[in-house]
Amino acid sequence: MQVLQVSAEMYPLLKTGGLGDVTGALPDALARAGVDVRLLLPGLRPIRDGIAGLRPLGEFVAPWGLHMQVLYGQWNGHGVYVIDAPALYDRPGNAYVDADGVPYVDNHRRFAPLGQLAALLAHGFDARWRAQIVHAHDWHAALAPAYLHHTRRHRAHPAGSVFTVHNLAFQGLFPAATFAELGLPKVAFQMHGVEFHGQVSFMKAGLHYADRLTTVSPTYAREVQGPEQGGGLDGLLRQRRDVLTGILNGVDTRIWNPATDRLIAQTFDARRLARRALNKVALQRHFGLARRPDALLCGVVSRLTEQKGLHLVLDGLPELLARGGQLVVLGNGEPELEAAFRAAAQAHPRAVAVYIGYDETLSHRVFAGTDVTLVPSRFEPCGLTQMYGLVYGSLPLVHRVGGLADTVVDAALENLADGSATGFVFDRFDGAAYGAALRRAFALQARGAEWRRVQRAALRQVFAWDAAAARYVALYRSLLPAAHETTRPSEALVPERAVRR
Ligand code: ADP
């Protein structure tokens, strides 16, 4: 089965959040399951420069006339196609925003080619390999199912499409005028298409046209069907609920394993838990915190945005400090949140430490050295940091929402009694509920043996990518026969304008 993974990010080349972790790990797991998997990525500089030996494969033309090279190479044993278009991708800032954090105004042009080329690769652009399934991730790749749909009629063996929502809050919305540049038939700009309240929505294109939809946790798959988390697309998601499933992300244990992690001060596992203490000492030393082995050391590794519920951490800080706790924050994002955490660290240098920035190595040390990982997100499609917290024995304190609800079991008495507890979970998204969960953490810490029992239960959690991959493979399989039968009407056909060398 030939499956093309289409994404804007891939760890370790380019990662701004969980999307990169997922697309960095899933291809290997799919390959282990027997899938012939290839990747399609935009030629953002870290990607183009990070893959050695890329060679030109051909050229295609954007509907607005830009000629783009397609490069081909190998990454971790997988074939990878890279769109080489310096005019689109050689820019300061990160993948999506400029150096000031403002989204590039031509992001529709920067990411539409991902979808366009994905469809071409399903239609024989590469004479040696044809995608039978196109699996697109998040809004950047979401036009792929639309292009596929509108070019299917002409193909004997149309590819099936899967679209995975990693975060419905980022929808890829653009002014109506941009539609003309996408090369989709006029019929696509309507309610049953890519139009969303008079704008072009890449996310909606994926949700409307893909044969199968997934989100990154079962609970989030349910939540997005409601108005609160549906981002205006809940009606469509309810309509399509028969093809929508939630598949929980895994943890890549080649990277995230405290027993083998070279980035942390001291390796450990459930049987050698005492060794973990060295990581706490190292973290306290690194950040200049008071070296108190008994202090409840809480950690945040996060984008600093409204979504992540970090105002609860700020509001709860006086109580955390009053009870003798400490806080380490690794993150960047909204200036107000950055400033608030910086101010807290200045006011309490021995108890609060903040590193504003992105630092992969430090993130490992925070999970290995803290007692508690705070993830009080307002919403959370899957969340990886609570899973990293679990497998590193830093008990997650989370809001019962999305993937957080699916992965953490509260240290309530009944869960402590049967050994299922792995962290602290609060229901209402407010300071009182967060504070109560924090007090449960302090109370459990005071009962050392019980804390260690919960820690061992957390350390033994397995979030296997192979299990997730098996579910994706089942989805791909379910699609293959259907995909071969499908023919749908169309006008249009940008991908046909491809130029082969
Ligand atoms: P999201 O995708 O919403 O940002 P996730 O929890 O799914 O949230 O994934 C976040 C990923 O980014 C995790 O791998 C986390 O460790 C990492 N991360 C977030 N902020 C930082 C940071 N400042 N430094 C290093 N890693 C970070």
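The structure under discussion appears in the preceding block.
Reference entry: report on the structure contained in this document.

The rules behind these values
Residues numbered from 1 in each chain as written. Predicted model: local features only at pLDDT ≥ 70, side-chain atom pairs only at ≥ 80, totals over all residues. Heavy atoms only, no water. Near = heavy atom within 4 Å. Polar contact = N/O pair within 3.5 Å; in protein donor to acceptor, adjacent residues only side chain to side chain. Areas by Shrake-Rupley, 256 points an atom, 1.4 Å probe, with all protein chains shown as cover. Helix = DSSP H or I, 4+ residues; strand = E, 2+ residues; numbered from the N terminus. Nonpolar A, V, L, I, M, F, W, Y, C, P; charged D, E, K, R; others polar. Pairing = 2+ DSSP bridges. Axes fitted to C-alpha atoms, helices over the stretch in contact; angles between N-to-C directions. Contact = heavy atoms within 4.5 Å.

On to the site of the ligand, then. Near the ligand lie 19 residues; those nearest to it are Lys 15, Gly 18, Asp 21, Arg 303 and Gly 357. One nitrogen or oxygen atom from the main chain of Gly 18 is found 2.6 Å from an oxygen atom belonging to the ligand. Within the contact set of the ligand, an oxygen atom lies 2.7 Å away from a side-chain nitrogen or oxygen of Arg 303. Surface burial for the ligand is 93%, taken as the share of its 570 Å² of free accessible area covered by protein chains. Only helix H1 (18-32), strand E13 (297-304), strand E14 (326-333), helix H13 (360-369) and helix H14 (385-391) provide two or more residues apiece to the shell around the ligand. Examining the composition of the shell around the ligand, we find that three residues originate from one element, E13, more than from any other. Partitioned by chemical class, the residues of the shell around the ligand number five nonpolar, eight polar and six charged.

Looking now at the sheet that holds strand E15 (residues 352-356). With parallel pairing, the six strands of this open sheet are ordered in space as E15-E14-E13-E16-E17-E18. Both edges of this open sheet fall to E15 and strand E18 (424-426), since each of them pairs with a single strand only. Put simply, the sheet's adjacent strands are angled 15° from each other on average, direction ignored. In this structure, E14 lies alongside E15, joined through five bridges in parallel fashion. Considered in E15, the bridge of Val 329 is made with Val 354. The strands touched by helix H12 (residues 335-347) are E13, E14 and E15; relative to E15, the strand with the most contacts, the crossing angle is about 145°. Helix-sheet contacts for helix H18 (residues 448-459) involve strand E16 (372-375), strand E17 (395-399) and E18, and the interaxial angle to E17 is about 80°.

Coordinates in, geometry out; function isn't part of it.
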